[in-house]
Structure formats: C-alpha cells, structure tokens
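Here is how the chains run, residue by residue.
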Amino acid sequence: IGKQITEVIKNHQKVTDAEARARAIELMGQVGIPSPEKRLNQYPHEFSGGMRQRIIIAIALANNPKLIIADEPTTALDVTIQAQVLDLIREMKEKMNSSVIMITHDLGVVASLCDRILIMYGGKIVESGSDREIFYDPKHPYTRGLLQCVHNPEKKEKLKPIAGSPPDLLKPPAGCPFVDRCPEAMKVCKLYMPEVTTYSATHQCACWLEEANRRKGENHG
C-alpha cells in the first residue's frame with residue numbers, strides 16, 4: 001500500500017522517493033494506522049475493512065485538497081468502524097480547512113456530518129436545504145419517503161418502504177423522475193419537470209404539488 005500512497009504524492013509534487021515515503025508514513029499515522037513504517041510494505045488484504053478505509057482517506061488527503069469528495073465512505077463497515085471513519089473525516093476536514101462533499105444513502109451519516117443537503121433522484125436535484133430544513137421540514141415526496149425508511153427509536157412506527165423501482169435512465173421520463181413512485185403524482189408531473197419552489201435562502205424543492213400550494217397561497221393572499 002506504500003506504493004499506492006507515494007504514487008499519488010510523486011505525481012503531484014516535486015519530491016524524492018524518500019520524501020514521498022516519509023509523507024506516506026506521516027499520513028498513515030494521521031489517519032490512525034499503528035506502526036506505519038512497518039505497515040507501509042503490507043498489502044491491502046492484510047488490513048481490516050476499517051483500516052483500508054483509513055488508507056483511502058490518507059491517499060485522498062495526500063496533496064492537501066481543498067475539496068474532499070467522499071462517495072459512500074462507510075459502506076460495508078460495522079457501526080463502530082463507521083463512527084471512527086466519520087470522526088476521522090471530520091477531524092481531517094477541520095485540520096486541513098477543507099470542504100467535504102458526502103455522497104451517501106445513509107441518512108444517519110448525513111445527519112452527523114453534513115450542514116447542507118441536496119436530495120437527488122433520477123439524476124435531478126429534487127430538494128436542497130440545511131440539515132434542519134431537510135430533516136424537520138421535508139417538502140418533496142421522495143425526501144419524506146426516505147425519512148420514513150429510517151428507524152426512529154423514539155417513534156413506534158413501522159418503516160414505510162418506497163414502492164416501485166427507479167426510472168430507466170436510458171429512457172428517462174419527460175417530467176418528474178419520481179412520478180411513477182410518487183403517491184401524490186398528478187398529470188402534469190408526467191409531462192414536465194417541476195418548477196423550483198423557494199422557501200428560504202437555503203431551502204428549495206422541485207415539485208408540482210409544492211408549486212400548486214404556493215400559487216394557491218398567493219391567490220389566497
């Protein structure tokens with residue numbers, strides 16, 4: 001794994017082999033790998049799943065990035081290791097003054113790490129907002145459906161899976177990509193992409209139902 005880490009460093013920095021090796025050892029220490037000098041010469045199969053995730057984070061941090069893109073970084077890890085990896089990402093972000101884009105289906109991970117959330121479906125952003133807006137005031141039917149799939153120990157309610165299947169992106173629907181799974185779908189949803197309704201400086205939603213409610217409120221006023 002030492003070769004994989006030093007390759008990243010040497011491709012982007014003018015350093016000698018010895019300097020790249022020293023930097024790799026330093027990175028491994030920073031992400032919590034014990035005895036990094038010895039483990040630098042080991043293979044991935046000699047590491048646990050959590051340790052391999054730490055090595056990937058070390059590679060990602062090797063060139064002091066301003067932006068870290070983490071795509072499902074906790075997949076296939078048990079809860080304890082997940083927490084360790086998330087704590088490490090948070091610690092490295094603050095230490096390096098970097099931003100993190102977290103791509104995940106795990107809303108628990110989102111709640112613990114993210115300040116701003118974009119909900120995507122079928123390749124489209126259907127809702128965006130702060131963590132509080134998304135978790136406590138969800139607007140889009142897909143966002144609400146996602147939250148109903150998460151176990152809440154405080155509420156004795158059964159989980160409600162979202163019925164149906166995702167759209168075929170080789171033949172995407174003309175309108176809202178969620179239309180065939182949406183319990184509140186209208187005719188217009190099949191024909192056109194919804195307009196964006198804005199609730200605050202940070203909270204937006206693309207849903208015809210929300211747009212209709214907004215117009216109804218304006219006419220009421």
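Everything numeric in this text was worked out from a predicted model, so none of it was measured.

Notes on the pairing of strand β3 (residues 116–121)
When a strand is regular, its side chains alternate between the sheet's two faces.
Here is step 1: In β3, alternate side chains face the same way, and those of Ile117, Ile119 and Tyr121 are buried while those of Arg116, Leu118 and Met120 on the opposite face are not.
Here is step 2: Once β3 ends, the chain turns through two residues before running back antiparallel as strand β4 (residues 124–130), passing Gly122 with a positive phi of about 60 degrees.

Digging into the nonpolar core
Here is step 1: Formed by 43 residues in total, the largest nonpolar core has its most connected members in Ile5, Leu27, Met28, Ile33, Ile57, Leu61 and Met102.
Here is step 2: By residue number, the principal contributor to this core is helix α5 (residues 79–96), which donates six residues.
Here is step 3: Discounting chain neighbours no more than four positions away, the residues touching Leu61 are Arg23, Leu27, Ile68, Met92 and Met96.

Some points on the sheet that holds β4
Here is step 1: As summarised here, the arrangement of the four strands in space is β3-β4-β6-β5, forming an open sheet in which the pairing is antiparallel. Two strands close off the open sheet at either side, each with one partner strand: β3 and β5 (196–198). Strand after strand, the sheet turns through a mean of 20 degrees between neighbouring axes, direction not considered.
Here is step 2: Lying on the sheet, helix α8 (residues 141–148) is in contact with β3 and β4; it crosses β3 at an angle near 105 degrees.

Side note on the side chain of Thr74
Here is step 1: Along the chain, Thr74 falls in the loop between β1 (67–71) and α5.
Here is step 2: The residues touching Thr74, leaving out its near neighbours within four places in the chain, are Gln53, Gln82, Val85, Leu86 and Val109.

Some details on the packing of aromatic side chains
Here is step 1: In total, this model carries three aromatic pairs according to the counting rule given.
Here is step 2: Centre to centre, the rings of Tyr121 and Phe178 are 5.1 Å apart; their planes meet at 80 degrees, and the pair counts as edge-to-face. Taken together, the residues Tyr121 in strand β3 and Phe178 in the loop between α8 and α9 (187–191) connect sequence positions 57 residues apart. Here Tyr121 matches Phe178 in class, with each residue buried.
Here is step 3: The rings of Tyr121, Tyr142 and Phe178 are connected pair by pair, giving a single aromatic cluster.
Here is step 4: Residue placement shows Arg39 over the ring face of Phe47; its charged tip is 4.3 Å from the ring centre.

Here we look at the pairing of β1
Here is step 1: The two faces of β1 differ: Ile68 and Ala70 on one face are buried, but Leu67, Ile69 and Asp71 on the other face are not.
Here is step 2: In terms of handedness, the path from β1 via α5 over to strand β2 (residues 99–103) forms a crossover that is right-handed.

As for the packing of helix α1 (residues 2–12) against helix α2 (residues 17–30)
Here is step 1: α2 packs onto α1 with a crossing angle of 120 degrees between their chain directions and a minimal axis gap of 9 Å. Here α2 runs oblique to α1, going by the angle between their axes. The two elements α1 and α2 meet at a crossing, and its hand is right-handed. Of the residues in α2, those in contact with Ile5, Thr6, Ile9 and Lys10 of α1 are Asp17, Ala20, Arg21, Arg23, Ala24, Leu27 and Met28.
Here is step 2: In terms of residue class, the contact of α1 with α2 is made up of six nonpolar, one polar and four charged.

Description of helix α4 (residues 49–61)
Here is step 1: For α4, built from 13 residues, the straight-helix expectation of 18 Å at 1.5 Å per residue is met to within 8% by its first-to-last C-alpha distance of 19 Å.
Here is step 2: Of the residues making up α4, those classed as buried are Gly50, Met51, Gln53, Arg54, Ile55, Ile57, Ala58 and Leu61.
Here is step 3: Of the surrounding elements, those touching the buried residues of α4 are α1, α2, β1 and α5.

Focus: α8
Here is step 1: Along α8, the residues that are buried comprise Pro141, Tyr142, Thr143 and Gly145.
Here is step 2: For α8, the elements touching its buried residues are β3, β4 and α7 (131–136).

Examining the side chain of Glu133
Here is step 1: Structurally, Glu133 is set in helix α7.
Here is step 2: One buried charged residue, Glu133, forms no salt bridge at all, with the nearest opposite charge on Arg116 at 5.7 Å.
Here is step 3: A polar contact is formed between the side chain of Glu133 and the side chain of Ser200, at a distance of 2.8 Å.

Observations regarding unusual backbone geometry
One can expect most non-glycine residues to show negative phi and most peptide bonds to be in trans.
Here is step 1: Unusually for a residue other than glycine, Glu72 sits at a positive phi of about 50 degrees.
Here is step 2: With respect to the secondary-structure elements, Glu72 resides in the loop between β1 and α5.
Here is step 3: A relative accessible area of 23% places Glu72 in the partly exposed class.

Rules used in this analysis
- Residues numbered from 1 in each chain as written.
- Predicted model: local features only at pLDDT ≥ 70, side-chain atom pairs only at ≥ 80, totals over all residues.
- Heavy atoms only, no water.
- Buried < 20%, exposed > 50% of the residue type's maximum accessible area, 1.4 Å probe, protein only.
- Helix = DSSP H or I, 4+ residues; strand = E, 2+ residues; numbered from the N terminus.
- Pairing = 2+ DSSP bridges.
- Core = buried A, V, L, I, M, F, W, Y, C linked by side-chain atoms within 4.5 Å.
- Contact = heavy atoms within 4.5 Å.
- Axes fitted to C-alpha atoms, helices over the stretch in contact; angles between N-to-C directions.
- Phe/Tyr/Trp six-rings, centres within 6.5 Å; stacked < 30°, edge-to-face > 60°.
- Lys NZ or Arg CZ within 6 Å of the ring centre and 35° of its normal.
- Right-handed = clockwise from strand over helix to strand, strands pointing away.
- Parallel < 35°, antiparallel > 145°, perpendicular 65-115°, else oblique.
- Left-handed = near helix turned anticlockwise from the far one by under 90°.
- Nonpolar A, V, L, I, M, F, W, Y, C, P; charged D, E, K, R; others polar.
- Expected span 1.5 Å × (residues − 1).
- Lys, Arg positive; Asp, Glu negative; His and termini not counted.
- Salt bridge = Lys/Arg side-chain N within 4 Å of Asp/Glu carboxyl O.
- Polar contact = N/O pair within 3.5 Å; in protein donor to acceptor, adjacent residues only side chain to side chain.

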